[in-house]
Structure formats: structure tokens, C-alpha cells
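Coordinate analysis (summary)
What follows is each chain in one-letter form.
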Amino acid sequence: MTMKKLLTLLLALCLLTGCALADTPATPTDLEPTPEPTVEATAEPTQEPTAEPTASPGTDNTPEPTTEATSEPTQKPSVTPEGDNTPEPATTPAEPASSPDDGPLYVLVDGAKVYGAPDALIPMGLTVYLYDATVVEITGYTAEELAQVKFALDPEAFTAKDDCIYLSVRDPNGFVKQDTFFLWAGKTGDMVTPTPALGNKGEVVEHEILVTALDYSADEPCRPSFRLAAAPSPEQGMSFAVIIGEGDPQLLSGSSYTPAASGTYRFALLAADGTVLHRSAMYTVVIPQPTATPTPKPTPTAEPTATPTAVPTPTAAPAEMPELAAPDAGFAQAWTLAGDMRAEGDLADMLQTDGSTIYILTDRIIVLDSGNIQLSGKTLLPDPDVFGDGYVVRISGENEDVTRSESLFVWVEPKGKTTAVSAALTVTPDAYTPRQWASIVPSFTLSSSPVLSELGEGYAYAVSINTGAPVTLTDSTYPATEEGRYSLRFLLLAPDGRTIARSEVYTVWLDYTAPLLQAKTGNGTLQITVGDALSGGASVSLDSGTTWNALKRGEDGVSTYTHTVTGTQTFPVGSIIVRDKAGALTFYPEEITVKKISSGGRGGSGRSTSHAASTVETVTAYDGVELILDDGSMTQLTLGEEVLELSLAYTGPKALEEDEQPAFTAVFSDLSKDGIPDALTLAAAGVTDETAGDFRWTFSGLVCKKLSASGIEHLILRAGEQVTLLPTAGFTAGLRYNMYRADGLVSKDFSYALSMHAEEGLTLLVTVEETTYPMSDVPTAEFYYYDLFSGDTETFERDVLPLLEVR
């Protein structure tokens, strides 16, 4: 084979390999470099042979390349041409240490795929890849531990843009398994919806930042721009940030970024509380320096039509703007005279020269970093050879595509296209600390230059909450009174609704509601339970604030602390204090004593409620009851031989004798039409339209639990034309409810009282440990109900029953 033929084959092999690399999706991570393709070409010769092969003429001893590059030649040539000085590759990819039969996942170790189960791969600290459609079960880890693991999809097996990886307490069908997480590949947005019976546990979903680099080169000077996205799509409160060098993440208000100086850049996806969810790979940017070309001074074909001004005046963005894009490679954005020479390049570079007049050459928007640009003493004009007469240069801090307040946008447009309005917006915050919980309402005072009265009628201040639509303000001071975590951005609006100027983004974390506090004693223990749905409980003091102890954070906004005594200890009124992360305090209003009793008895002053245990053994399910009803009415619910804690009381003005306790009838029904009873309906007897609202049903949570265990999914209570449907699997939630459950209380410890009235609606009370609380359908209440219907019979039969029959 001739040298020319050998070089031609090698070049073809390199081109084939280059195409494969270009088509392989990359997934940058924090834990390791972007994985190389599993198929690699053998090393290219670094030196040409010094002599032709000595084999006989007509005999070609050079092995032909295979159609596809492989990670290592399957065999070496049996005859090595003499004089072939081609060096062996310095390193060769390692052989795979395992096969896909070893597990559903793999990690990359020295370029080789090592397959295994989650328990074997997760402790290695590398990115764990899923290579097929298997649903993987992961046990032995907490949500916090798995949140630190980087999971990704095999970039060769999953190539669609909406492919994403899910890590959840539910499998793709919505089922849960104790102490198990599920990992699988899905599509963006197809996460299963939790059912009410699963409680408030949310899924743990790994988010990944995706960076599109435009006009970027890591090896030579460039002026790139970066477009940011995330998979799955960012949730409410998430934001993008840029990390310059070794600095901290800087919040971006949009999804684009254009570096203004040379350096290293990384991009991050932030959670609502500022936690970094994912970082991108590092980009090294080298901004080109302005070049001076010794060409003769140009003679414009036409004189500039605008008189240069001392300082260009920023203007408002027009309704329609030219395309925002990086300039074509090899073409300058602007030029100026540096002495007797013409200097061309990017506008940012031209502004650093001594030239006072700069001519714009491009018809696209130019993005400048206002923090590093000095416009004083510079005049910007359209190049007369490119644009001719009738054009002007516009400068604005607003743009529909990129809304970063630290940027300026420069473009050329026809004269008279827009009415220029120049104004600056200033925001002065008071009692505001970014990204920190606070219990003091912050306020923001707005001012503009020129002031609103000088701008003219119709100009106004506005606020955008969580990037929502602007809301016009009636005052120049805005107090952020809403509790929770949210972002604010203030705007100056023109009479037609256009944004003239906007502020930076202010992130408010506000919680001025004091935490809930419960104290309960045991034998030698004091159990403190704290509920705070926003910032969360932080610490507790048992000595009136002299010393503080950290609370143990649990689920659903509940925190706990246990204090142990060896003898007897009394805590005076006000000595027990808890505070949340925003600094709000709650004092325990009673004196409490804790005793340690070595044997027998019960120590302390905790309350307890006793319930008689049932002696009925004939049940149809574990902890259930027989689904047997006697004919006629009853005053207390009786199923089979077991009497349950459910009764009906009259609350009207009429005085009843002891033997006149109201009765009710009971009947089982099959709402789902599958032949098995799934509902129990109780109807008050002798109810008239006038007395329908004078009856109250009382029952304990244990009644619902036993009915649910026996297959009864719905408890239906009727009084005249009023009806209420309760799901026996559970209908109670709320911060106070979660606190009681954290204290160890169970279904039987919650007693309910339910009344129905046509005009006043449903009244539902819950009593626990001798304290009664109202319940509502508002999720912020201490106790609230869900999946419950209450209304008239007509509405129930028309709107509710059909939904229960088709499930």
C-alpha cells in the first residue's frame, strides 16, 4: 500500500470518529468529566513511517480498517511493515470489569462501564447511569442521601430531548413500597400524580441544567453567549445562576448570559432556598482584544445624519426589535478611528479605545454588560455605508429575549420608529435581607429619574411577583406582607403598559407566624413538639432563653426535642420557649413537672385518654368488623356484635327525655358496582326540613379505621336533605394534626363532631387530648379536611355518585 493510500484511510477513519463524537449527547456533572463515548478510535499515528514496507510487490501487509472504530483492535497485524515507526497508543481503554447481567446500572471507571446494583455503585461516588427502561428499586437510603447522588441516563440509549430520569417514592404506576425509592427513565412532565391516601410525601426528582453555548470555542478567542434550560423543567421558585471563577453563584433573572470579560464560567440551577441543585461543566472564555488595521482613513459616501451627542442616552425598548443573536463569525460589530488607523471588532472592545465616535456595522442587537462599559464621551452612529440615511442607534436596558437588568442592548433602527423615553428606576429596601428567613415585614420605596410627575400622565410603578404579570402600585412604597418564599421585581411602566425600567430581583422569605408548641411528659421524659409550616422550628430553651438546644426536624413542618430527667424537675410558666428560623418565639403557658419513677405508676403530668378494648373476636379482616346489620334503627352504630363509637345527638331547642335520643338507620351499598359493599350510609330518623340542621354526628377516628379495614371506603351521613361523604381511609390533615401524630397519637385519639345545615353549611370539630379545634377546607389551618363532600342530596346524586361508580 502506498503512503498516500495509508494517509487517506487514516483521514477517513478520523472523520468517521469525529462524526460519532459530534452526535453523542453529553451530560456534564459535578462528580466527573463528561463521559467519553464507549466507542473510540485507535490512536492516530504521530509520525510518518521513515521507509516503505519491504514486503514483496503486489502484497499489501497493512490491515484494512474496519467499518466502525472499536475501543481496541481485535487483533494486531500478523506482519509489521519494516520501517513503520508508528508508536503504540499511550493508553488503551480498560476492558469492562462487568457485563449488563451484573445489574441495571453502570458507572464509568477509566472509560469502562462497570455494571452493578444500586448498593454496589452508589457508594463509589460517581455518576450512576441507567441504560434501559428498567424500573430500579433502591433501598437502604434516605431522601437526603439520594439527593446527593448524581443519576443520569445513558446518552446513547436515550437521545430524545424530553427524556429525563425520575427518582421517586412512587413507581411509574403510582404505587409505593415501604423504605423504597424507584428510579426509571421517563418523559418530561409525565410524573405520576400522588393519590390522597399517600399523604403529603413528595417525589425526589433530580434536575439537571442544560447549557447551549453559541459561538463558543475553548481553544481560541471568542465572544459567546449561553442559553440555559433544565430537565425536568424548572419548578416554581427555581432559578439559574452563573459562577465566575471560584466565586459564589450569582442569580440570573433570565435564561441567557453573555460574558463581558475573559475567565472561567459555570452555570447552576438553584432551588427556591438558594441550594445548588446542579452545576454545569466549566467554560473557559477568552474575549478577543481589539485589532487595529493600518488602512487609510475611510471616506464615507454620506455624512452622518445625526449630530453626535456627548453621552448616548439609553432609551426604552420598542415594541418590535431586531433579532438578538451573536454576530456572524469573521464580521465586526463596529469600527472607530484609533489615530489614523481604522479599528474593527466587537462594540465592547471599540468602547475601550480612544475613538470618540463609533460606527455600528451590524443590523442585530448587541448585548453589553453595563457594569463594565463606559459610554461617557462616546458617540454611537450607524455606519453610513451600511445603513445610509434615516437610521439612528438605540440604547436600552430592556429586551424581550434577555431581561438581565445589568445588560444594555444596542441596535440600529429607522428614525421615528419609536418615541424615546429615558428613565431610571431606584429601589430602596428597608428591613430586607435576601434569601434569609425573617419575621419583620420588609418594605421597598421606589423612585425614578425623572420623577413620575415629570414623565407625564399615565406613568406608574408596578410589581411582578414570581415573574407574574405586573400589578400597578398606588403608592411609591410597597410592603411585602405575604408570608412564604417568593421573588419581587419592580417596574416603571409607560401609559401603554410597556416596561421603561425594571429593578433587580428581590427574594423574600417571610414568616411572622409564631410556631405551634406542645409539651408532653412521660416517665422521666419531656417531649417537645414544634410545628412551623414555613421556616421550620429551629431551637428550644428550657431555662427562659439562657441556653438553646437544636430541634430535630421531621416531616410536614414538625420538629421535636426530648429532655430526660433522673429525678423530678419542674419547669415554671414561661421557661419553655421555642423559636423558628425566622426568629419568632412561642412560650409554653403552663407549669409542667417531669418525674422519673423507677417501677410502677406513671410519672409526669401528661394527659392520657383511655378507651375500652373490644372483646369481639369475629372480624372479617384484621382490625375490622363484621359487615352485618340488624333490621330497624339504632342509637349507636353496631356491626355484628361490636358497638362502635358513633352516635347521633339532637342540638335543637327542644328538650328531649333520656329515652328520646335520636336514632338512625344503616345500610350497606355497592357504589363501584363490583358486587362488594364499599359504602355505609347512616340516615337520621324522624328529621324534618325545620330540624335537619339540629343534629350532630359524633365518632372517633377508630370507627373510620375499622370500616376501612373491612373494605368500606365511604361513610355517608344524612340528615334530611343534607348529606356528607367521608373517605374512611382518611380526611384529616394540618400542622397541628401532624404534631399530634408525631407525639404518638393514633386514630382512636381523635374524636369528631359533624353538623350539617342548608344555609350555614358544614361544621366539623375535632377533639384531641381534651382540646377542641375547628376544621375547615383551608390547607393552612391547624386542622383541615380533604376529599370530603357536604351538600344537598340532589347535588350529591348528580355530581358525586357518578364519580364513585366509575373508578
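Everything numeric here is computed off the predicted structure, so don't read it as measured data. (Residues numbered from 1 in each chain as written. Predicted model: local features only at pLDDT ≥ 70, side-chain atom pairs only at ≥ 80, totals over all residues. Heavy atoms only, no water.)

On to the overall build of the protein chain. A tally of regular secondary structure across the protein chain gives nine helices and 55 strands. Taking all 807 residues of the protein chain together, the buried fraction comes to 41%. The long-range share in the protein chain, meaning contacts at least 24 apart out of those at least 6 apart in sequence, stands at 60%. Put simply, the protein chain shows about 42,000 Å² of open surface, and 51% of that area lies on carbon and sulfur atoms. (Helix = DSSP H or I, 4+ residues; strand = E, 2+ residues; numbered from the N terminus. Buried < 20%, exposed > 50% of the residue type's maximum accessible area, 1.4 Å probe, protein only. Contact = heavy atoms within 4.5 Å. Areas by Shrake-Rupley, 256 points an atom, 1.4 Å probe, with all protein chains shown as cover.)

Okay, the sheet that holds strand β2 (residues 112–116) next. The four strands are arranged β2-β1-β3-β5 in an open sheet whose pairing can be described as mixed. Each end of this open sheet is capped by a strand with a single partner; those strands are β2 and β5 (151–153). Each strand axis lies, on average, 40° off the axis of its neighbour in the sheet, ignoring direction. When strand β1 (residues 105–109) meets β2, the two strands line up antiparallel, connected through five bridges. (Pairing = 2+ DSSP bridges. Axes fitted to C-alpha atoms, helices over the stretch in contact; angles between N-to-C directions.)

Looking at the secondary structure, you find threonine 732 in strand β50 (residues 732–733). One polar contact links threonine 732 to tyrosine 752, side chain to side chain, over a distance of 2.8 Å. For threonine 732, the contacting residues outside a window of four places in its chain are Tyr737, Tyr752, Met775, Phe783, Tyr784 and Tyr786. (Polar contact = N/O pair within 3.5 Å; in protein donor to acceptor, adjacent residues only side chain to side chain.)

Formed by 41 residues in total, the largest nonpolar core has its most connected members in Leu637, Leu682 and Trp697. Counting residues in hydrophobic clusters, the runner-up holds 23 residues, among them Tyr432, Tyr461, Ile500 and Leu510. (Core = buried A, V, L, I, M, F, W, Y, C linked by side-chain atoms within 4.5 Å.)

Moving on, we get to the sheet that holds strand β47 (residues 695–700). Within a sheet, each strand pairs with its neighbour through backbone hydrogen bonds, oriented either parallel or antiparallel. With antiparallel pairing, the six strands of this open sheet are ordered in space as β43-β44-β47-β51-β52-β53. Edge positions in the open sheet fall to β43 (636–639) and β53 (771–775), since each of these has one partner strand only. Pairs of neighbouring strands in the sheet enclose a mean axial angle of 25°, with direction left out of account. In the sheet, strand β51 (residues 751–757) pairs with strand β52 (residues 761–768) via seven bridges, with the strands oriented antiparallel. Bridging across to β52, serine 751 finds its partner in threonine 767.

Summarising the element assignment, lysine 113 is placed in strand β2. There is a polar contact of 3.5 Å between the side chain of lysine 113 and the side chain of aspartate 154.

Right, let's talk about the pattern of salt bridges for a bit. Evaluation of the coordinates by the stated rule reveals 10 salt bridges. Lysine 113 is paired through a salt bridge with aspartate 154; the nearest N and O atoms lie 3.5 Å apart. Of this pair, lysine 113 sits in strand β2 while aspartate 154 sits in the loop between β5 and β6 (163–168), and the two are 41 residues apart along the sequence. As far as burial versus exposure is concerned, lysine 113 and aspartate 154 are alike and both buried. With its nearest N and O atoms 3.6 Å apart, the salt bridge here joins lysine 520 to glutamate 769. One end of the pair, lysine 520, is in strand β33 (residues 516–521); the other, glutamate 769, is in the loop between β52 and β53, with 249 residues separating them in the sequence. Put simply, Arg223, Asp346 and Asp349 are held in one network by salt bridges that share partners. (Salt bridge = Lys/Arg side-chain N within 4 Å of Asp/Glu carboxyl O.)

What characterises a pair of aromatic rings is the spacing of the ring centres plus the angle enclosed by the ring planes. Tallying each qualifying case throughout the model produces 32 aromatic pairs. The interplanar angle of 55° and the centroid separation of 5.5 Å between the aromatic rings of tyrosine 106 and tyrosine 115 together place this pair among those described as tilted. With relative accessibility at 3%, the residue tyrosine 106 sits in the buried group. One cation-aromatic arrangement involves arginine 485 over tryptophan 509; the distance from NZ or CZ to the ring centre is 5.5 Å. Here the guanidinium or amino end of arginine 579 rests over the ring plane of tryptophan 548, the centre of that ring lying 4.0 Å away. (Phe/Tyr/Trp six-rings, centres within 6.5 Å; stacked < 30°, edge-to-face > 60°. Lys NZ or Arg CZ within 6 Å of the ring centre and 35° of its normal.)

Across the five residues of β1, four count as buried, placing the element largely inside the fold. Here β1 pairs with strand β3 (residues 128–130) via two bridges, running antiparallel. If you follow leucine 105 over to β3, its bridge partner there is leucine 130. In this structure, the hairpin formed by β1 and β2 is closed by a connection of two residues, where aspartate 110 is found at a positive phi of approximately 55°.

So, on to the confidence of the model for the protein chain. Taken over all residues, the pLDDT of the protein chain has a mean of 74, while the share at 70 or more is 71%. By mean pLDDT, helix α1 (residues 3–22) is the weakest element of the protein chain at 36, and strand β29 (residues 477–479) is the strongest at 95. Below a pLDDT of 50 lies the segment residues 1–97, which in the model reaches 97 contacts outside its immediate sequence neighbourhood of four places, other chains included. Note that residues 191–205 has pLDDT below 50 and, in this model, 32 contacts with residues that lie over four places away or in other chains. (pLDDT = per-residue confidence, 0-100.)

Quick look at the environment of phenylalanine 158 now. With respect to the helices, strands and loops of the structure, phenylalanine 158 is situated in the loop between β5 and β6. By relative accessible area, phenylalanine 158 is classed as buried at 17%. Separated by 25 residues in sequence, phenylalanine 158 and alanine 133 have C-alpha atoms that sit 9.7 Å apart. Once residues lying within four places of it in the same chain are set aside, the contact partners of phenylalanine 158 are Leu130, Tyr131, Asp132, Ala133, Leu153, Asp163 and Ala185.

For the rest of this paragraph, the subject is the pairing of strand β32 (residues 506–510). Every regular strand shows the same layout, with side chains that alternate between the two sheet faces. Among the five residues of β32, five are classified as buried, and the element is accordingly described as predominantly covered. Burial along β32 is two-sided: the face carrying Tyr506, Val508 and Leu510 and the face carrying Thr507 and Trp509 are both buried. Here two bridges tie strand β25 (residues 437–438) to β32, and the two strands are oriented parallel to one another. Bridge pairing in β32 places alanine 438 opposite leucine 510. Relative to β32, strand β30 (residues 484–493) runs antiparallel, the two being bridged by five bridges. Bridge pairing in β32 places serine 487 opposite threonine 507.

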